[in-house]
Amino acid sequence: MDTVSGIVLGVGAPNRASDGRAVQCAIVIAEDHGLCRIYADYGNAMERISVWDKVLCDVHVNKGDNRPESWRLDEVEVLGKVTKSSEKRMILDGCLLDCADEDP
């Protein structure tokens, strides 16, 4: 098991996995991992997080998911929330990707 600590930048809509389960994902910017995709069964730990939450996530790699930035969420703790617009802008400005026309 690993830990991802960071700020939630986005939460996706629930959708169906290939095995029929309803899952939901979020994007977390983490100091140690950069942009991460965390996901869980819909209604599990995902219902406790929202955009701009500061989170501590217990995660693991799912062998069926070959994306290195993707982590299966086991548990999440919300530590706080980014509320100042200047801090939000600074975080977003720091996320500029230099990937040209490649998929980030």
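What counts as what
Residues numbered from 1 in each chain as written. Predicted model: local features only at pLDDT ≥ 70, side-chain atom pairs only at ≥ 80, totals over all residues. Heavy atoms only, no water. Helix = DSSP H or I, 4+ residues; strand = E, 2+ residues; numbered from the N terminus. Rg over C-alpha atoms; globule rule 2.2 N^0.38 Å. Contact = heavy atoms within 4.5 Å. Areas by Shrake-Rupley, 256 points an atom, 1.4 Å probe, with all protein chains shown as cover. Lys, Arg positive; Asp, Glu negative; His and termini not counted. Charge placed at Lys NZ, Arg CZ, Asp CG, Glu CD. Salt bridge = Lys/Arg side-chain N within 4 Å of Asp/Glu carboxyl O. Buried < 20%, exposed > 50% of the residue type's maximum accessible area, 1.4 Å probe, protein only. Pairing = 2+ DSSP bridges. Polar contact = N/O pair within 3.5 Å; in protein donor to acceptor, adjacent residues only side chain to side chain.

Visitor: Got a minute to help me understand the overall build of the chain in this structure?
Guide: Helix and strand counts for the chain come out as one helix and six strands. In the chain, the succession of helices and strands from N to C terminus is β-β-β-β-β-β-α. For the chain, the C-alpha radius of gyration of 14 Å lies close to 13 Å, the compact-globule estimate for 104 residues. For the chain, the spread of C-alpha atoms along the three principal axes comes to 40 × 35 × 25 Å. Counted over contacts in the chain with a minimum sequence separation of 6, partners at least 24 positions apart contribute 54%. Accessible surface computed for the chain: about 6,700 Å², of which carbon and sulfur atoms make up 49%. Here the chain holds 12 positive side-chain charges and 19 negative ones, and the gap between their average locations is 6 Å.

Visitor: Would you explain the pattern of salt bridges in this entry?
Guide: Where charged atoms from two side chains of opposite charge come close, those side chains can pair. In this structure the tally under the stated criterion is eight salt bridges. In this structure, Asp65 engages Arg37 in a salt bridge whose closest nitrogen and oxygen atoms are separated by 3.5 Å. Taken together, the residues span a long stretch of sequence, with Asp65 in the loop between strand 5 (53-60) and strand 6 (70-81) and Arg37 in strand 4 (residues 34-41) at a distance of 28 residues. The buried category is assigned to Arg37, whose relative accessible area is 17%.

Visitor: What is the right way to look at the pairing of strand 3 (residues 22-30) in this model?
Guide: Each regular strand displays side chains that alternate between the two surfaces of the sheet. For strand 1 (residues 2-11) and strand 3, the ladder comprises five bridges, and the chain directions are antiparallel. Each bridged residue has a counterpart across the sheet, and for Val11 the counterpart in strand 3 is Ala26. Pairing between strand 2 (residues 15-16) and strand 3: two bridges, direction antiparallel. Considered in strand 3, the bridge of Asn15 is made with Val23. Counted along the chain from strand 2 to the antiparallel partner strand 3, the turn is five residues long, and its residue Gly20 has a positive phi close to 95 degrees. In this antiparallel pair of consecutive strands, strand 3 and strand 4, the connection spans three residues.

Visitor: Would you mind going over the side chain of Arg37 with me for this structure?
Guide: Within polar-contact distance, the side chain of Arg37 engages the side chain of Asp65 at 3.5 Å. Side-chain polar atoms of Arg37 contact the side chain of Ser70, separated by 2.7 Å. Contacts of Arg37, omitting those with residues within four sequence positions, involve Cys25, Ala26, Ile27, Asp65, Arg67, Glu69, Ser70 and Trp71.

Visitor: How should the pairing of strand 1 be read in this particular structure?
Guide: Both strand 1 and strand 5 contribute to a ladder of six bridges, which runs antiparallel. Paired with Gly6 across the strands is Val55, a residue of strand 5.

Visitor: What am I meant to see in unusual backbone geometry here?
Guide: Peptide bonds are mostly trans, and most non-glycine residues show a negative phi. One non-glycine residue, Trp52, lies in the positive phi region at around 75 degrees. Residue class for Trp52 comes out buried when judged on its relative accessible area of 13%.

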